[in-house]
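As a plain string of letters, each chain reads:
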Amino acid sequence: MSTSTTTLTQINHFINGAESTGEGEQTRPVFNPATGQVTAELRLANEADLNTAVAAAKKAAESWGDISLAKRTGVLFKFRELVAAHVDELAELITAEHGKVISDAKGEIGRGLEVIEFACGIPQLLKGDYSDQVSTGIDVFSFREPLGVVAGITPFNFPVMVPLWMAPMAIATGNAFILKPSERDPSAPMLLASLWKQAGLPDGVFQVLHGGKETVDGLLTHPDVDGISFVGSTPIAQYVHETATKHGKRVQALGGAKNHAIVMPDADLDNAADHLAAAAFGSAGERCMAISVAVAVGDAADLLVKKVQERALAVKVGNGTEPGAEMGPVITPASKERILRIVTEAETAGAAMVVDGRDLVVPGHEDGFWVGPTVIDHVKTEMTAYTEEIFGPVLVVVRVADLEEGIALINANPYGNGTAIFTSSGANARKFQRSVTVGMVGINVPLPVPVAYHSFGGWKNSLFGDKHIYGPEGVSFYTRGKVITSRWPEPTHASGASYNFPSN
């Protein structure tokens, strides 16, 4: 009788320009959510690994911040071409560890590429101001300098896009960047590190450090880390903001969401139902911009629910690598259990189960972490299905009498990330966009994620810190302003100093 053993792939760190096993001895399994099988072993950093990475970043930042903008953009342009050339490979890594379908994985890479392209224009974005002769013989000018060492702590749901929201902006503005990606899907970030290296980025300017809370806390408190960018849940975003600011760091911490879409009776209900289904069930609902609450206004409710039901039942759920698959599994068994608990609580509390995805089984993938598209009608605001961010393929329907009640519902919610309205009325749309206390608004657009030359960020409990991510606010976040007041007097006129504050 013979036995065979399977050697798991080991995923290491990327420190100072090379893969490194690090000194930490702890590891964590990486799963394929579609099969439930362990596919790799991830090495986790300890304090020594963190200190090594920060020291390398600090040294690299000193020289990278002085490199000409022409050379910086040369690296960025090359990196953009390399990412574009490796879309298929990156997408396969995302699908294997996150579970989203290949087409969705390619979509997130495309949005990341947009930010790289925006960062390639950094010479224009860093132009300062100059005021000539503000006083006799005195000129004033300003420019922006990099912070130094910055870190990005990113979530599992977009293992390529969110790092690309941060790193190109940080690097283009002259900083060294340490990425602490999710432990659940770490392979794609490692490929990004390799592509930065191939693009000619100096060692230490981009590093990947894997770890859990110990590594996060180390980045938040290390005296040589100057800024923190975070995307994740609201409780952790608040913790990151409070801890890092207490230690003197600049912080942008993007938290959770409970995104509503109001559907008016005058809307094209087929169009609205198509987009609601895609926005609720795409990526298995595991995205902070997912529409998780449909606010059905007046007479629109019954027909809208029927149309959404038809579309939910038609979603093709399967392994993300299979042709035609539209939705994959959720990320972990714990995520699945949490989603099922919330759905069951809503049913017990009296909500109507329109489409029930709790018992979904995908043939050949019985051990995968599956939850089918789920639609729950007549949800009340006190139910956990409404109050909690479900982060799964669940659309809840709340019925209201009119637009004013819908706006009040949205404004009473503690989150303010994204929202949308479906209507054929310009008056309704304008009233909605001006009245909602939400940072990103879509009009007949379900996922109003701004393009790269605007900035992404919500309000209320969806953002901690005063700067949104990427775009113009990203440039501002990763730099600090310096103002120079300059006087070059002729030798014969070098006197004239005054004890009074000069004014002319």
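Residues numbered from 1 in each chain as written. Predicted model: local features only at pLDDT ≥ 70, side-chain atom pairs only at ≥ 80, totals over all residues. Heavy atoms only, no water.

Enquirer: I would appreciate a short explanation of the overall build of the protein in the present structure.
Expert: Within the protein, the secondary structure is distributed over 16 helices and 23 strands. Whereas a compact globule of 504 residues would reach a radius of gyration of roughly 23 Å, the protein reaches 25 Å, a difference of no more than 12%. Along the first, second and third principal axes, the C-alpha atoms of the protein reach 90 × 75 × 40 Å. Taking contacts inside the protein between residues at least 6 apart in sequence as the whole, the part at least 24 apart equals 72%. For the protein, the accessible surface area stands at approximately 21300 Å², while carbon and sulfur atoms represent 52% of it. If you average the places of the 40 positive and of the 56 negative side-chain charges in the protein, the two averages end up 5 Å apart. (Helix = DSSP H or I, 4+ residues; strand = E, 2+ residues; numbered from the N terminus. Rg over C-alpha atoms; globule rule 2.2 N^0.38 Å. Contact = heavy atoms within 4.5 Å. Areas by Shrake-Rupley, 256 points an atom, 1.4 Å probe, with all protein chains shown as cover. Lys, Arg positive; Asp, Glu negative; His and termini not counted. Charge placed at Lys NZ, Arg CZ, Asp CG, Glu CD.)

Enquirer: Help me understand the nonpolar core in this model?
Expert: Across soluble globular proteins, you tend to see nonpolar side chains buried next to one another. Within the largest apolar cluster, 68 residues are counted, with the highest numbers of intra-cluster contacts made by Phe177 and Phe206. When residues of this core are assigned to their parent elements, the largest contribution, 10 residues, is made by helix α6 (residues 161-172). Once you skip the residues sitting within four places of it in the chain, Phe177 turns out to touch Val150, Ala151, Gly152, Met166, Ala167, Ala170, Ile171, Val205, Phe206, Gln207 and Tyr478. Formed by 60 residues, the second largest nonpolar core is a distinct cluster that contains Ala273, Val343, Phe369 and Val398. (Core = buried A, V, L, I, M, F, W, Y, C linked by side-chain atoms within 4.5 Å. Buried < 20%, exposed > 50% of the residue type's maximum accessible area, 1.4 Å probe, protein only.)

Enquirer: In this structure, what is going on with the packing of helix α2 (residues 69-85) against helix α4 (residues 102-119)? I would like to understand it.
Expert: Two measures define how a pair of helices packs: the angle their axes make with one another and the distance between the axes. Relative orientation of the contacting elements α2 and α4 amounts to 165°, with a least axis distance of 9 Å. The angle between α2 and α4 places the two elements in the roughly antiparallel class. As α2 runs across α4, the sense of the crossing is left-handed. Across from Leu76, Phe79, Arg80, Val83 and Ala84 in α2, the residues of α4 making contact are Ile109, Leu113, Ile116, Glu117 and Ala119. (Axes fitted to C-alpha atoms, helices over the stretch in contact; angles between N-to-C directions. Parallel < 35°, antiparallel > 145°, perpendicular 65-115°, else oblique. Left-handed = near helix turned anticlockwise from the far one by under 90°.)

Enquirer: Just checking my understanding: could you explain the packing of aromatic side chains for this structure?
Expert: Here the distance between the centres and the angle between the planes together describe a pair of aromatic rings. Going through the model one piece at a time under the given rule, you end up with 11 aromatic pairs. With 6.3 Å between their ring centres and 65° between their planes, Phe31 and Phe369 make a pair best called edge-to-face. With Phe31 in strand β4 (residues 27-32) and Phe369 in the loop between β15 (352-355) and β16 (374-377), the pair connects residues that are 338 residues apart, well separated along the chain. For the pair Phe477 and Tyr478, a centre-to-centre distance of 5.0 Å together with 80° between the ring planes defines the contact as edge-to-face. Tyr478 carries the same exposure label as Phe477, and that label is buried. (Phe/Tyr/Trp six-rings, centres within 6.5 Å; stacked < 30°, edge-to-face > 60°.)

Enquirer: Before we go on, may I ask you to explain helix α3 (residues 87-98) in this structure?
Expert: Three or four residues apart is the spacing at which side chains of an α-helix point the same way, because the helix has 3.6 residues per turn. With 12 residues, α3 ought to run about 16 Å at 1.5 Å a step, and its terminal C-alpha atoms sit 16 Å apart, in line with that. Of the residues making up α3, those classed as buried are Val87, Leu90, Ala91, Ile94, Thr95, Glu97 and His98. Of the surrounding secondary structure, the elements contacted by the buried residues of α3 are β1 (9-11), β4, α2, α4 and α7 (187-198). Downstream of α3 by one or two residues, Gly99 has phi in the positive range, about 105°. (Expected span 1.5 Å × (residues − 1).)

Enquirer: Just checking my understanding: could you explain the sheet that holds strand β5 (residues 37-43) for this structure?
Expert: Overall, mixed pairing links the 3 strands, which are arranged β1-β5-β4 in an open sheet. Of all strands in the sheet, those with a lone pairing partner are β1 and β4, marking the two edges. Averaged over all pairs of adjacent strands, the angle between their axes in this sheet comes to 35°, without regard to strand direction. (Pairing = 2+ DSSP bridges.)

Enquirer: Would you mind going over the sheet that holds β16 with me for this structure?
Expert: In space, the 7 strands of this open sheet follow the order β15-β16-β17-β14-β13-β19-β20, with mixed pairing throughout. Of all strands in the sheet, those with a lone pairing partner are β15 and β20 (440-443), marking the two edges. When the angles between neighbouring strand axes are averaged without regard to direction, this sheet yields 20°. For strand β14 (residues 291-297) and strand β17 (residues 394-400), the ladder comprises 5 bridges, and the chain directions are parallel. From the neighbouring strand, Val297 faces β17, where its bridge partner is Val400.

Enquirer: What's the story with a nonpolar patch on the surface in this structure? I'm lost.
Expert: On the surface, Leu8, Phe31 and Val38 cluster together to form a nonpolar patch covering roughly 220 Å² of accessible area. With respect to the helices and strands, Leu8 occurs in the segment before β1. (Patch = residues over 30% accessible without salt bridge, like charges linked within 9 Å, V, L, I, M, F, W, Y side chains within 5 Å. Salt bridge = Lys/Arg side-chain N within 4 Å of Asp/Glu carboxyl O.)

Enquirer: How do you make sense of the environment of Leu304 when you look at a structure like this?
Expert: Tracing the chain through its elements places Leu304 in helix α11 (residues 300-314). Taking the C-alpha atoms as reference points, Leu304 and Asp270, separated by 34 residues in sequence, lie 8.0 Å from one another. Discounting chain neighbours no more than four positions away, the residues touching Leu304 are Val263, Leu269, Ala272, Ala273, Leu276 and Ala296.

Enquirer: So what exactly am I meant to see when it comes to the confidence of the model for the protein here?
Expert: Atomic detail in the predicted coordinates should be set aside for any region of low pLDDT. Averaged over the protein, the pLDDT score is 96; the fraction of residues at 70 or greater is 97%. Confidence drops under a pLDDT of 50 for residues 1-5, and excluding neighbours within four residues, the segment shows 0 contacts in the predicted structure. (pLDDT = per-residue confidence, 0-100.)

Enquirer: How do you make sense of the environment of Asn428 when you look at a structure like this?
Expert: Tracing the chain through its elements places Asn428 in helix α15 (residues 426-435). Setting aside chain neighbours within four positions, we find Asn428 in contact with Met264, Asp266, Leu403, Ile421 and Thr423.

Enquirer: Before we go on, may I ask you to explain the pattern of salt bridges in this structure?
Expert: Side chains that differ in sign of charge can pair as their charged atoms come close. If you walk through the whole model with that rule in mind, you get 24 salt bridges. Close ionic contact of Arg341 with Glu388 constitutes a salt bridge, the shortest N to O distance being 3.6 Å. Of this pair, Arg341 sits in helix α12 (residues 333-348) while Glu388 is found in the loop between α13 (384-387) and β17, placing the two residues 47 residues apart along the sequence. The class for Glu388 is partly exposed, based on a relative accessible area of 24%. It is possible to trace a salt-bridge network through shared partners that takes in Asp270, Asp274, Lys306, Lys307, Glu310 and Arg311.

Enquirer: For this particular structure, what's the right way to read the pairing of strand β19 (residues 418-422)?
Expert: Strand residues, when the strand is regular, have side chains that alternate between the two faces of the sheet. In terms of residue burial, β19 counts as a mostly covered element, since 5 of its 5 residues are buried. With burial as the criterion, each face of β19 is covered, one bearing Gly418, Ala420 and Phe422 and the other bearing Thr419 and Ile421. Of the pairings in the sheet, the one linking strand β13 (residues 259-263) to β19 comprises 4 bridges and is parallel in character. When the bridges of β19 are listed, Ile262 appears paired with Ile421. Handedness of the crossover is the feature at issue here: the chain leaves β19, passes through α15, returns alongside β20, and the resulting connection is right-handed. (Right-handed = clockwise from strand over helix to strand, strands pointing away.)

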